[in-house]
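Observations on the three-dimensional arrangement
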Amino acid sequence: MVDYHAANNQPSGGPQTYMEQENDWDRDLLLDPAWEKQQRKTFTAWCNSHLRKAGTQIENIEEDFRDGLKLMLLLEVISGERLPKPERGKMRVHKINNVNKALDFIASKGVKLVSIGAEEIVDGNIKMTLGMIWTIILRFAIQDISVEETSAKEGLLLWCQRKTAPYKNVNVQNFHISWKDGLAFNALIHRHRPDLIDYDNLRKDDPVTNLNNAFEVAEKHLDIPKMLDAEDIVGTLRPDEKAIMTYVSCFYHAFSGAQKAETAANRICKVLAVNQENEQMMEDYEKLASNLLEWIRRTIPWLEDRTQQKTVNDMQAKQEDFRDYRTVHKPPKVQEKCQLEISFNTLQTKLRLSNRPAFMPSEGRMVSDINAAWHTLEGAEKGYEEWILSEIRRLERLEHLAEKFHQKAAIHESWTSGKEAMLTQKDYETSTLSEVKALLRKHEAFESDLAAHQDRVEQIAAIAQELNELDYYDSASVNDRCQKICDQWDTLGALTHRRKDSLERTEKQLESIDELYLEYAKRAAPFNNWMEGAMEDLQDMFIVHNIEEIQGLIAAHEQFKSTLPEANKEREAIQAIQAEVQKIAQSNGIKLSGANPYTTITPGSIDDKWEQAMAMVPQRDKALQEELNKQNSNDTLRATFATQANAVGAYIQAKMEEIGRISIEMNGTLEDQLTHLREYQQSILSYMPEINKLEGDHQHIQEALIFDNQYTSYTMEHLRVGWEQLLTTIARTINEVENQILTRDAKGISQEQLYEYRASFNHFDKDHTGSLIAEEFKACLISLGYDVENDKQGDTEFARIMSIVDPNNSGAVTFQAFIDFMSSETTDKDSADQVIASFKILAGDKNYIMPDELRRELPPDQAEYCIARMAPYTGPDGVPGALDYMSFSTALYGESDL
């Protein structure tokens, strides 16, 4: 017989080669009877599943296709195309022509028909008829199946293996014996419609029941006609491969819609997972920012409290509380602030990479707001510490002045005791002339003494005034005592003036007073006053802050001691006057009445005060020497602190410069850079013991009340801020590299592209600030091929790009913004339209979606997430409970409110 289609075969390759192999039917071989039976039933059912769409069917596969009419109708139904008009005659030639039209159509689809001619089909050759139907099934039902670029048969097998992989007792390796026990058919149905199959109750040792269950469920619920008998499959050693493939292809096409739904569900799951993670990060940021701002809000009033204390010890307790705040309470907050900035930057990077709108924190919780609050906090810290030190100095001064006031007041009150009574007595009225003259001279000596005490009264008043100006807590008692002294002093002045007037009225009646007594009185009084002043100075309290001040006091003391020999000569001269009085009296037999009438200062009191003053000199020497030792110790503390501070300051400066250099270099991959930066961060953290040592030295400085240090320009506050800035800078640099890795991985940017971008960026970053001004950025874009020249079109394009990379109009472009822009120019993004299309698949092309559909297609948590956030659908085609997935999808990308 002539092969009618041998000359019409088209060049084949790929799927056509597979067809050629599958269609290699041998005319001289016979089908296995069992296989032929299975193929008859399967192919007949398959043909009827399509012919019923045209309102007809076949009963006998080799008889009903002989006239070619139903064969042509079958091809029109499965291809959706019109074939040439068939011939309606009953003659053999009409039948052959109709079959040839059908075979020509099959050949036009790229199928090579081997050894199949129209005459054999018209003659009812069952082998050729089954071969032809198998060719049609391959071309129209199986050929288009492809999984991971495999051939049709391999693709269908791979699809079956993947779908049945999770099921026990199912191992699909072929299209014959792998399907005998019926579990594979049931697994396919259960994988896509678990509500139709109770898989756990199936038994591997009951294949007939398994097969019948799968065939009946498929026919009833999936519209797949029953194409095989369970008994035929079980009773055959090796079921027919073509029959099984035909049956399985029906399952594949029945579930292809579910495959699309699964893909759509996966896309939605991915989008929702990103959105949920971003929302969690937003909540974490808001919580952390709120807690940090609340801590700052609670801390600033404490640092601004300027409640004055009464004593130095009270202020030192405040200083200890402040030191505890700086070393215990604040460091964790510094770490929280750093982590907050890192979380904010990471979140913004993830939002950009997932094509989401930028995160805007709640009002007052921006990073800039937190930085402003932190700046206020640090300003309050600085002011608080300065206030504490100032208060300690003030209270030290106050305590010193108060003690000095009471000491001078006590000396003055001791001196004035009994003076009013003395000045008010009327002894001169009954005294002899000599006695009156003596009284007058005595009064003149008292006036001299009174004038000598004027300086002490003025000193007492000046000290009281200073105590008031420094806000001394016990100013009331000081003022009261000072007022009494001043009032008493005025009274003494008035009384002195009246007594002098009284004595002068009787001066004419007085005889000259013994010159020796008078000379004694005049010289003894200032000498006595000098001794009292010297004793007062020797007992005077002192406070110094450095070696120079104590050395000045020691020099003054040495100068005082150098005057003692001359003073002793004066004392001896005064005592010689008294001795001369005694000598004259004895020589002339004069009976002395007792004490010198012109003064109360006796030689014994002068000697006693002299001995007391001489005893105070070594005590003063000892006190000054102890203070000198203390200042030498303080100087050692200053030098120790300065040595450590200078080393720490230089270290921080060097590390800050090195971090700046690392941030603009390109050494190794981003992962290498990240590893290097983290190792560098650990190296910096290992320096913490030196910082702690410096804090210890600073504590010793403060405990010793040392307020200046000429050996270093560094302060502890300056170094603390520098150290915190160093830790923040390295953490921020690490975060920038991590965000570059996120950008590279999410956008598919190669390492070479990143190097190119970094090299271009660094080339135009002339001042190495890590950012480009507008003109530098324009030059960089031009070097990369962007048309942003200085013309109207170029300026418009450049303005568009600047609005992307510098939305805040800061005038500078960071490297991260530059990378984001370059990656966005070359990579694909998820969009709201893609998500809407995915939801439309799940909804079966409806404009709305039902909660049950979401729960069936999505994981439980993401299904409930969508249901909780989707608005009710209000379109005219809506039904009760319908949800609006379109507005929800646009809200995910910031195109509407969620």
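Residues numbered from 1 in each chain as written. Predicted model: local features only at pLDDT ≥ 70, side-chain atom pairs only at ≥ 80, totals over all residues. Heavy atoms only, no water.

**Some words on the overall build of the protein chain**
- From N to C terminus, the protein chain includes 33 helices and four strands.
- Relative to a compact globule of 898 residues, whose C-alpha radius of gyration would be 29 Å, the protein chain shows 56 Å and is clearly more extended.
- Dimensions of the protein chain, computed from C-alpha atoms along their principal axes, come out at roughly 195 × 55 × 55 Å.
- Each of the 898 residues in the protein chain was classed as buried or not, and the buried ones make up 46%.
- Counting contacts in the protein chain only where the partners sit at least 6 residues apart, residues at least 24 apart contribute 75% of the total. (Helix = DSSP H or I, 4+ residues; strand = E, 2+ residues; numbered from the N terminus. Rg over C-alpha atoms; globule rule 2.2 N^0.38 Å. Buried < 20%, exposed > 50% of the residue type's maximum accessible area, 1.4 Å probe, protein only. Contact = heavy atoms within 4.5 Å.)

**A word on the side chain of Lys408**
- You can see Lys408 is positioned in helix H14 (residues 367–416).
- Leaving out residues up to four positions away in the same chain, Lys408 has contacts with Arg456, Gln459, Ile460, Ile463 and Glu536.

**Comments concerning the packing of helix H8 (residues 152–164) against helix H9 (residues 183–192)**
- Remark: H8 packs on H9, axes separated minimally by 9 Å, with the N-to-C direction vectors making an angle of 70°. On the basis of their axis angle, the class for H8 and H9 is roughly perpendicular. Note that H8 runs across H9; the crossing there is left-handed. In contact with Trp159, Arg162, Lys163 and Thr164 of H8, H9 contributes Ala184, Ala187, Leu188, Arg191 and His192.
- A class-by-class count of the residues in the contact of H8 with H9 yields four nonpolar, two polar and three charged. (Axes fitted to C-alpha atoms, helices over the stretch in contact; angles between N-to-C directions. Parallel < 35°, antiparallel > 145°, perpendicular 65-115°, else oblique. Left-handed = near helix turned anticlockwise from the far one by under 90°. Nonpolar A, V, L, I, M, F, W, Y, C, P; charged D, E, K, R; others polar.)

**Some thoughts on the UniProt feature "domain: EF-hand" (unreviewed entry) in the protein chain**
- Per the UniProt entry, the sites bearing "domain: EF-hand" (unreviewed entry) are residues 752–787 and 793–828 in this numbering.
- Between the C-alpha atoms that bound residues 752–787 the distance is 23 Å, and the span itself is 64% helix and 8% strand. (UniProt positions renumbered as here; feature names shortened; annotations may be inferred.)

**As for the UniProt feature "domain: Calponin-homology (CH)" (unreviewed entry) in the protein chain**
- UniProt marks residues 37–141 and 150–256 with the feature "domain: Calponin-homology (CH)" (unreviewed entry), using the numbering shown here.
- Across residues 37–141, helical content stands at 65% and strand content at 0%; the span's end C-alpha atoms are separated by 21 Å.

**Topic: the pattern of salt bridges**
- Enumeration over the complete set of coordinates arrives at 53 salt bridges.
- A salt bridge links Lys500 to Glu447, with the shortest nitrogen-to-oxygen separation between them at 3.6 Å. Of this pair, Lys500 sits in helix H18 (residues 475–505) while Glu447 sits in helix H16 (residues 433–452), and the two are 53 residues apart along the sequence.
- On the basis of relative accessibility, which here comes to 22%, the residue Glu447 falls in the partly exposed class.
- Put simply, Lys778 and Asp795 hold a salt bridge, and the shortest N to O gap is 3.7 Å. Taken together, the positions of Lys778 in helix H27 (residues 774–783) and Asp795 in helix H28 (residues 792–805) put the pair 17 residues apart, joining distant regions of the chain.
- Linked by salt bridges that have partners in common, Arg326, Lys330, Glu378, Glu381, Glu695, Glu717, Arg720 and Glu724 make up one network. (Salt bridge = Lys/Arg side-chain N within 4 Å of Asp/Glu carboxyl O.)

**Section: unusual backbone geometry**
- For Asn169, which is not a glycine, the phi torsion comes out positive at approximately 65°.
- Mapped onto the secondary structure, Asn169 falls in the loop between H8 and H9.
- Its relative accessible area of 48% is what places Asn169 among the partly exposed residues.
- For Asp223, which is not glycine, the phi dihedral falls at a positive 65°.

**Considering the confidence of the model for the protein chain**
- Mean pLDDT over the protein chain: 81, with 90% of residues reaching 70 or higher.
- The model gives residues 1–30 a pLDDT under 50, and that stretch makes 58 contacts with residues more than four places away or in other chains.
- Ignoring residues within four places in sequence, the model shows residues 509–513, a span with pLDDT below 50, making 16 contacts including any to other chains. (pLDDT = per-residue confidence, 0-100.)

**Some remarks on helix H2 (residues 33–51)**
- Here H2 spans 26 Å end to end across 19 residues, near enough to the 27 Å set by a 1.5 Å rise per residue.
- Listed in full, the buried residues belonging to H2 are Gln38, Gln39, Thr42, Phe43, Thr44, Ala45, Trp46, Cys47, Asn48, Ser49, His50 and Leu51. (Expected span 1.5 Å × (residues − 1).)

**Some details on helix H30 (residues 832–842)**
- Every buried residue of H30 is accounted for by Ala832, Val835, Ile836, Ser838, Phe839 and Leu842. The arc that holds the buried residues of H30, viewed along the axis, is 160°, so those residues lie on one side.
- Residue Gly844 follows H30 closely and has a positive phi angle near 65°. (Arc of directions from axis to C-beta.)

**A few points about the nonpolar core**
- In terms of nonpolar packing, the biggest core is built from 79 residues, with Trp46, Ile136, Trp179 and Phe251 touching the most fellow members.
- Among the elements that line this core, the one with the most residues is helix H7 (residues 126–142), at 12 residues.
- If sequence neighbours within four positions are ignored, Trp179 has contacts with Cys160, Val172, Asn174, Ala184, Phe185, Leu188, Leu211, Ile244 and Val248. (Core = buried A, V, L, I, M, F, W, Y, C linked by side-chain atoms within 4.5 Å.)

**Overview of the packing of aromatic side chains**
- The full count for this structure, using the stated rule, is 31 aromatic pairs.
- With 6.4 Å between their ring centres and 5° between their planes, Phe175 and Trp179 make a pair best called stacked. Here Phe175 matches Trp179 in class, with each residue buried.
- Here Tyr848 and Tyr873 contribute two aromatic rings whose centre-to-centre distance is 5.3 Å and whose plane-to-plane angle is 40°, an arrangement assigned as tilted. Within this pair, whereas Tyr848 is found in the loop between H30 and helix H31 (851–857), its partner Tyr873 is found in the loop between strand S3 (871–872) and strand S4 (883–884), the two being separated by 25 residues in sequence.
- Residue Tyr848 is classed as buried on the basis of its relative accessible area, which comes to 9%.
- Given the relative accessible area of 18%, Tyr873 is considered buried.
- Taken together, Phe175, Trp179, Phe185, Phe215, Tyr247, Phe251 and Phe255 form an aromatic cluster joined through their ring pairs.
- Sitting above the plane of the Trp415 ring, Lys419 keeps its charged end 4.8 Å from the centroid.
- Positioned over the ring face of Phe798 is Lys778, at 4.9 Å from the centre of the ring. (Phe/Tyr/Trp six-rings, centres within 6.5 Å; stacked < 30°, edge-to-face > 60°. Lys NZ or Arg CZ within 6 Å of the ring centre and 35° of its normal.)

**What to know about the environment of Val879**
- When you line up the elements, Val879 lands in the loop between S3 and S4.
- Measuring from C-alpha to C-alpha, the distance between Val879 and Tyr848 comes to 8.8 Å, with 31 residues separating the pair along the chain.

**A closer look at the environment of Ile734**
- Its place among the elements puts Ile734 in helix H25 (residues 716–747).
- Placed 616 residues apart in sequence, Ile734 and Ala118 show a C-alpha to C-alpha distance of 77 Å.
- Residues within four places of Ile734 in sequence aside, it is in contact with Leu674, Leu677, Arg678 and Gln681.

**Structural notes on the packing of H30 against helix H33 (residues 885–892)**
- Packing of H30 against H33 leaves a shortest axis separation of 8 Å and a crossing angle of 150°. It follows that H30 is roughly antiparallel to H33 by the angle criterion. For the pair H30 and H33, the sense of crossing is right-handed. Where H30 abuts H33, its residues Ala832, Val835, Ile836, Phe839 and Lys840 lie against Tyr885, Met886, Phe888, Ser889 and Thr890.
- For the contact of H30 with H33, the per-class residue count stands at seven nonpolar, two polar and one charged.

**Notes on the state of the cysteines**
- Counting across every chain of the model gives zero disulfides.
- Distance from the sulfur of Cys269, which forms no disulfide, to the nearest cysteine sulfur (Cys866) is 8.2 Å.
- Take Cys269: its relative accessible area is 13%, and that puts it in the buried class. (Disulfide = S-S within 2.5 Å.)

**Points about the environment of Phe185**
- By secondary structure assignment, the location of Phe185 is in helix H9.
- Placed 531 residues apart in sequence, Phe185 and Met716 show a C-alpha to C-alpha distance of 79 Å.

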